[in-house]
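Residue-level structural notes
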Amino acid sequence: MFMNWFKSSQASAGYVMSKQDVIRAILKKLDSKQDRPFQIAMDELKHDGMIEIKEDGVTVVLTQKGAEKL
């Protein structure tokens, strides 16, 4: 979901997916059964160095590694 959004936005390293973007593009499309898989996927992208999560816990930044994978 995150990577598709970055790809469709033609994002490069450092591109920010704001809290509003996350809510609009991802969270509104999830149901309660998808909450846990969503968190796991977010953690994996972070662990793999594809994204960074800002202090607010919602804002997502595309890393250089993530941009290269797009």
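All of these numbers come straight from a predicted model, not from anything done at the bench. (Residues numbered from 1 in each chain as written. Predicted model: local features only at pLDDT ≥ 70, side-chain atom pairs only at ≥ 80, totals over all residues. Heavy atoms only, no water.)

What follows deals with the overall build of the protein. For the protein, the helix and strand inventory stands at four helices and three strands. In the protein, the order of α-helices and β-strands from amino to carboxyl end is α-β-α-α-β-β-α. Taking 2.2 N^0.38 as the reference for a compact globule, 70 residues should give roughly 11 Å; the C-alpha atoms of the protein span a radius of gyration of 11 Å, in line with that estimate. By principal-axis analysis of the C-alpha atoms, the protein measures approximately 30 × 20 × 20 Å. (Helix = DSSP H or I, 4+ residues; strand = E, 2+ residues; numbered from the N terminus. Rg over C-alpha atoms; globule rule 2.2 N^0.38 Å.)

At Gln10, a residue that is not glycine, the phi angle is positive and equals roughly 50°. You can call Gln10 exposed: its relative accessible area is 72%. (Buried < 20%, exposed > 50% of the residue type's maximum accessible area, 1.4 Å probe, protein only.)

Before going further, it helps to spend a moment on the pattern of salt bridges. For the structure on display, the rule yields one salt bridge. Between Arg24 and Asp21 there is a salt bridge, with the nearest N and O atoms lying 3.4 Å from each other. Note that Arg24 and Asp21 are positioned in helix 2 (residues 19-25) at a spacing of three residues, about one turn of the helix. (Salt bridge = Lys/Arg side-chain N within 4 Å of Asp/Glu carboxyl O.)

Moving on, we get to the nonpolar core. Of all hydrophobic cores here, the largest spans 16 residues; its most connected members are Phe2, Met3, Phe6, Met17, Ile51 and Val60. Breaking this core down by element, the ones donating at least two residues are helix 1 (2-8), helix 3 (35-47) and strand 3 (60-62). Among the elements that line this core, the one with the most residues is helix 1, at four residues. (Core = buried A, V, L, I, M, F, W, Y, C linked by side-chain atoms within 4.5 Å.)

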